[in-house]
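# A closer look at the structure
Each chain, written out:
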Amino acid sequence: MAVTKQTSWTKRIVLAALILAALFFLLLIPGSEPRPPKAAQQRPFVWDQDLYWSSLESRFVAARGRGCQNLRDSILAKLAETVEQTARLRERDFTEEDPLFDQIENNIFNLGPLVAACPEYLDEYIAAVVEMRSAVKDQSRHWDMNTIEVRERMYRLLYGSRAAVEEVMLQAAPSSVPANVLCNNEPSATPSVEILGVRVHSGDIL
């Protein structure tokens, strides 16, 4: 009887070892090549404005040559115009096709070379851009984000304005560049901690 039990256990162990060996060799077999991902059905965003970017660079060089005293009136006028345009966004709903957004975009980019040449206006420029971005986000609440035209409008205004600010900062002395650019203080019930003067909530992306 003892021999029979021992033989039975031996068979089970051998069978289990064979199954494990078979599974091991099956796992060694390479899988099929993954299918290539499907291409996006929508067109990719392209600025396609190389000549415009070159002209902004030329304006920056020219602005440096003119001196800030001669640029003051132009800078203040364009800043005031941007503030006024942003205030209009707070008055009523606009569609993404409204020409006001093109005017705002042009003002932000055309101000860039002037402020880069005269960084004493950097804080006012940043404040105008931050307020504009906030107003555009509020406007977008009633836009159809599944529409390519809407997404491109958002990209141009939100990413484009941020890129413009960063380019201006690169031309300024480190001492004149703010450590933080604070936007809306959105309410949140999540745990938070203050890091370098900024309230960071659980779930924030750093």
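Going by the structure above, here's the rest.
Our subject in this report is the structure included herewith.

About the thresholds
- Residues numbered from 1 in each chain as written.
- Predicted model: local features only at pLDDT ≥ 70, side-chain atom pairs only at ≥ 80, totals over all residues.
- Heavy atoms only, no water.
- Helix = DSSP H or I, 4+ residues; strand = E, 2+ residues; numbered from the N terminus.
- Contact = heavy atoms within 4.5 Å.
- Areas by Shrake-Rupley, 256 points an atom, 1.4 Å probe, with all protein chains shown as cover.
- Patch = residues over 30% accessible without salt bridge, like charges linked within 9 Å, V, L, I, M, F, W, Y side chains within 5 Å.
- Salt bridge = Lys/Arg side-chain N within 4 Å of Asp/Glu carboxyl O.
- Buried < 20%, exposed > 50% of the residue type's maximum accessible area, 1.4 Å probe, protein only.
- Axes fitted to C-alpha atoms, helices over the stretch in contact; angles between N-to-C directions.
- Parallel < 35°, antiparallel > 145°, perpendicular 65-115°, else oblique.
- Left-handed = near helix turned anticlockwise from the far one by under 90°.
- Phe/Tyr/Trp six-rings, centres within 6.5 Å; stacked < 30°, edge-to-face > 60°.

## Comments concerning the overall build of the protein
The helix and strand inventory of the protein stands at six helices and two strands. Each helix and strand of the protein, placed in order from N terminus to C terminus, yields the pattern α-α-α-α-α-α-β-β. Put simply, 71% of the contacts in the protein that link residues at least 6 apart link residues at least 24 apart. Counting only carbon and sulfur atoms, one obtains 58% of the accessible surface of the protein, whose full area is about 14600 Å².

## Remarks on a nonpolar patch on the surface
A grouping of L15, I19, L20 and L23 is seen on the molecular surface, where their side chains present a nonpolar patch of about 400 Å² in accessible area. With respect to the secondary-structure elements, L20 resides in helix 1 (residues 2–28).

## Quick notes on the pattern of salt bridges
Evaluation of the coordinates by the stated rule reveals eight salt bridges. Here R153 makes a salt bridge to D102, at a shortest N to O gap of 3.0 Å. One end of the pair, R153, is in helix 6 (residues 148–171); the other, D102, is in helix 4 (residues 99–117), with 51 residues separating them in the sequence. Classification of R153 by relative accessible area gives buried; the value is 10%. Exposure remark for D102: the relative accessible area of 35% places this residue in the partly exposed category.

## Observations regarding the packing of helix 3 (residues 68–89) against helix 4
The contact between helix 3 and helix 4 brings their axes to 9 Å, and the two run at 150°. What the angle tells us is that helix 3 and helix 4 run roughly antiparallel. Crossing hand, helix 3 versus helix 4: left-handed. Each of C68, L71, S74, I75, K78, L79, E81, T82, Q85, R88 and L89 in helix 3 lies in contact with helix 4, whose residues at this interface are L100, F101, Q103, I104, N107, I108, L111, L114, V115 and A117.

## Structural notes on the packing of aromatic side chains
A full pass over the atoms with the stated rule returns six aromatic pairs. Residues W53 and F109 carry aromatic rings whose centres are separated by 5.3 Å and whose planes lie at 55° to one another, so their mutual orientation is tilted. Of this pair, W53 sits in helix 2 (residues 50–66) while F109 is found in helix 4, placing the two residues 56 residues apart along the sequence. F109 gets classed as buried once you look at its relative accessible area, which sits at 10%.

Taken by themselves, the reported measurements are silent on function.
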